[in-house]
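# Observations on the model geometry
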Amino acid sequence: MTKNEIFPRMSEAIVSGDRAAARALAEEALRSGLDLLEVVERGYVPGIQKVGELWEQGEYFLPELITSAEAMKAAMAVLDPELRLRAGGSRLGGRVVIGTVEGDIHDIGKNLVASMLQAGGFEVFDLGAGVKLERFIDKAEDVGAGLICLSALLTTTMMNQRRFIGLLREKGLRDKYKVLVGGAPASRKWAEEIGADGYAENAVAAVKLAKSLAGRA
Amino acid sequence: MTHPLLELAKTRTVLFDGAMGTELMARGLGPGLPPELWNADRPDAVREVHAAYFEAGADVVSTNSFGATPLKLAAHGLEARAFELNRAAARLAREAAPAGRFVAGSMGPTGKFLEPQGPATVEELTAAYAEQARALADGGVDLLIVETQYDLREALAALRGAKSVAGLPVFVTLTFGSFPRGCFTIMGDPAGRAAAELERAGADAVGANCTLTTDRMAACVRALRAATALPLVAQANAGQPEAGADGKVRYAQTVEEYVRHVPEILEAGAAFVGGCCGTNPDTVRALARIIRR
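In this report, we go over the structure that sits alongside the text. (Residues numbered from 1 in each chain as written. Chains lettered and ligands numbered in written order. Predicted model: local features only at pLDDT ≥ 70, side-chain atom pairs only at ≥ 80, totals over all residues.)

Let's shift gears to the overall build of chain A. When helices and strands are tallied, chain A shows nine helices and five strands. Written out in order from the N terminus, the α and β elements of chain A read α-α-α-α-β-α-β-α-β-α-β-α-β-α. The C-alpha radius of gyration of chain A comes to 18 Å, within 12% of the 17 Å expected for a compact globule of 217 residues. Taken over the C-alpha atoms alone, chain A extends approximately 55 × 40 × 25 Å along its principal axes. At a minimum sequence separation of 6, the contacts of chain A that also span at least 24 residues come to 72%. (Helix = DSSP H or I, 4+ residues; strand = E, 2+ residues; numbered from the N terminus. Rg over C-alpha atoms; globule rule 2.2 N^0.38 Å. Contact = placed C-beta atoms within 7 Å.)

See below:
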């Protein structure tokens, strides 16, 4: 298959959430020695972008978003080892530490954001739910993350997003990380008020924002 | 099914209560604690909230058991106390209820995704709701209300579980968002199809709660009305929560703004109205004035 034949099929595999096809096409790209960065950027990324558009238009819902993200991950699992080998390290996005803040056990939204960030080319370290604020910092320091994402569903636990920014400042690390906040009670206004770097309304918007903060869009 | 509450709804609009969690927080419930724990630890506070809603004019209050399926309680390591906490929830509301008023056993989502999006099975969910329903019935509720469901499949499992253990009316409300093509759950279930399937599965009333504010609720009720002859329930949110500089949380809509759109909701066909997130006894008092004028 030529690039012009295979790229649209990669995109289509993501849009239709066809994990087997997404994986098979990635394997074929490897075998035919295609430029893998180009495969990602012109084959798969347009697919996941289309999924994001369909979600924002209210055409796609959670099930479609999840299956498409899974298909994207299946393709990336094939391509990632090779890309790393060639690039000599982490590819594209950089590292993200994500979790639901302490006192809060809700993780559906956070899982979706983690999944979409991973599909979007980030290396994601998901700490789960009810995460102590110090642990976000320890992990980020440990893995060399650039981005920290904090989720909170409750109006009470969203206060921990504010506390986290304070904690970063205390430790003299505020400028080292970009901090994104999300969850039902959070808003752009809230992010500004507490001095976070951004807020995203949903998982698709979170990926866009993360890419723009990472200087990729 | 004939039931005094369903009979009442044929004669006039029936009023539900407003939010529970925020009322308990105002009485000192700590962040991150499951409100259901207070059914055992602070029964006086829970009774007081119910009493305040009855005093404000509610015909029906919902028990403090929204997050008390054993599956949801498991996230706090409390699954072994599911029966106790649910039965206590029912008893506290019962104790607060004046004669002739009603107690609805609240059953919220398990927080698990069903296959293939998640690991949960329909059988597992049905069993969890059945266990909760049994305890609520044991504690003396008049009806069960399955609330804030975001997946029609889970709502149907909850309905089946509830119906399997108690001969009580079961109301089912889902939470819909407003999209260009209409009202859908986050799983993509259209409001009309949800209403029709729930009717077929034996629900005694269906409706919408949470997510939507009152100005968006009427459109959703119309979509439900077009698909079912069942009585309809509408419990809207009072806008989005906002954290003030003092660290206190407020909701964007005032009581006046909230109730302004309620006549449209009634006109669209809601037989049962009440509040959801951000509402309080003042909201219910204002609702009572509107529906009884």
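Counting its regular elements, chain B contains 13 helices and 12 strands. Its C-alpha radius of gyration of 17 Å places chain B within 12% of the 19 Å reference for a compact globule of 293 residues. The proportion of buried residues among the 293 residues of chain B is 55%. (Buried ≥ 20, exposed ≤ 12 C-beta atoms within 10 Å, placed from the backbone.)

All right, on to the sheet that holds strand 3 (residues 147–151) of chain A then. All names here are of chain A. An order of 2-1-3-4-5 is seen for the five strands of this open sheet, with the pairing classed as parallel. Sheet topology places strand 2 (123–126) and strand 5 (198–199) at the edges, where each strand pairs with a single neighbour. As defined by bridge partners, strand 1 (residues 95–100) adjoins strand 2 across four bridges and the pair is classed as parallel. Across the sheet, the residue bridging to V97 is F125, located in strand 2. (Pairing = 2+ DSSP bridges.)

Facing the 18 residues of chain B at the interface are 19 residues of chain A. The class makeup of the residues in the side of chain B that touches chain A is 11 nonpolar, six polar and one charged. (Nonpolar A, V, L, I, M, F, W, Y, C, P; charged D, E, K, R; others polar.)

Attention shifts here to helix 9 (residues 191–200) of chain B. Residue and element names in this part refer to chain B. Restricting attention to buried positions, one finds in helix 9 the residues A191, A194, A195 and L198. Taken end-on, helix 9 shows its buried residues confined to a sector of 100 degrees, consistent with a single buried face. Those residues of helix 9 that are buried lie in contact with helix 8 (152–165), strand 5 (170–174), strand 7 (182–184), strand 8 (205–213) and helix 10 (214–225). (Arc of directions from axis to C-beta.)

All names here are of chain A. Strand 1 sits mainly inside the fold: five of its six residues count as buried. Crossover handedness for the path strand 1 to helix 5 (residues 108–119) to strand 2: right-handed. Note that strand 1 and strand 3 share five bridges and pair parallel. Within strand 3, the position partnered with V97 by the bridge is I148. (Right-handed = clockwise from strand over helix to strand, strands pointing away.)

Okay, the packing of helix 4 (residues 43–56) of chain B against helix 13 (residues 281–291) of chain B next. Residues and elements named next belong to chain B. The N-to-C vectors of helix 4 and helix 13 enclose an angle of 25 degrees; their axes lie 8 Å apart at closest approach. When the interaxial angle is binned, helix 4 and helix 13 end up roughly parallel. Here helix 4 and helix 13 pass one another in a crossing that is right-handed. Two secondary-structure elements touch here, helix 4 through A52, Y53 and A56 and helix 13 through P281, V284, R285 and A288. Taken together, the residues of the contact of helix 4 with helix 13 sort by class into six nonpolar, no polar and one charged. (Axes fitted to C-alpha atoms, helices over the stretch in contact; angles between N-to-C directions. Parallel < 35°, antiparallel > 145°, perpendicular 65-115°, else oblique. Left-handed = near helix turned anticlockwise from the far one by under 90°.)

This part covers the environment of F184(B). Relative to the elements of secondary structure, F184(B) occurs in strand 7. F184(B) sits 10 residues away from L174(B) along the chain, and the two C-alpha atoms are 9.4 Å apart.

All names here are of chain B. Strand order in the open sheet made by the eight strands is 1-12-9-8-5-4-3-2, with parallel pairing throughout. If you trace the sheet from one side to the other, it starts and ends with strand 1 (14–15) and strand 2 (60–62), each paired once. Where strand 3 (residues 102–107) meets strand 4 (residues 143–149), four bridges bridge the pair, whose relative direction is parallel. Across the sheet, the residue bridging to S106 is I145, located in strand 4. Running over the sheet, helix 10 touches strand 8, strand 9 (232–237) and strand 12 (270–275) and is turned about 155 degrees from strand 8.

Okay, the pairing of strand 12 of chain B next. Residue and element names in this part refer to chain B. A large share of strand 12 lies buried, amounting to five of its six residues. Here strand 9 pairs with strand 12 via five bridges, running parallel. Residue pairing in the sheet places A234 in a bridge with V273 of strand 12.

What follows concerns unusual backbone geometry. All names here are of chain B. In this structure, P116 follows E115 across a cis peptide bond, with omega equal to 0 degrees. Here P116 shows up in the loop between strand 3 and helix 7 (122–138). Residues other than glycine seldom take positive phi values, yet T148 does so here, at roughly 55 degrees. Tracing the sequence through the fold places T148 in strand 4. The phi angle at T211 is positive, at roughly 55 degrees, despite the residue not being glycine. Summarising the element assignment, T211 is placed in strand 8.

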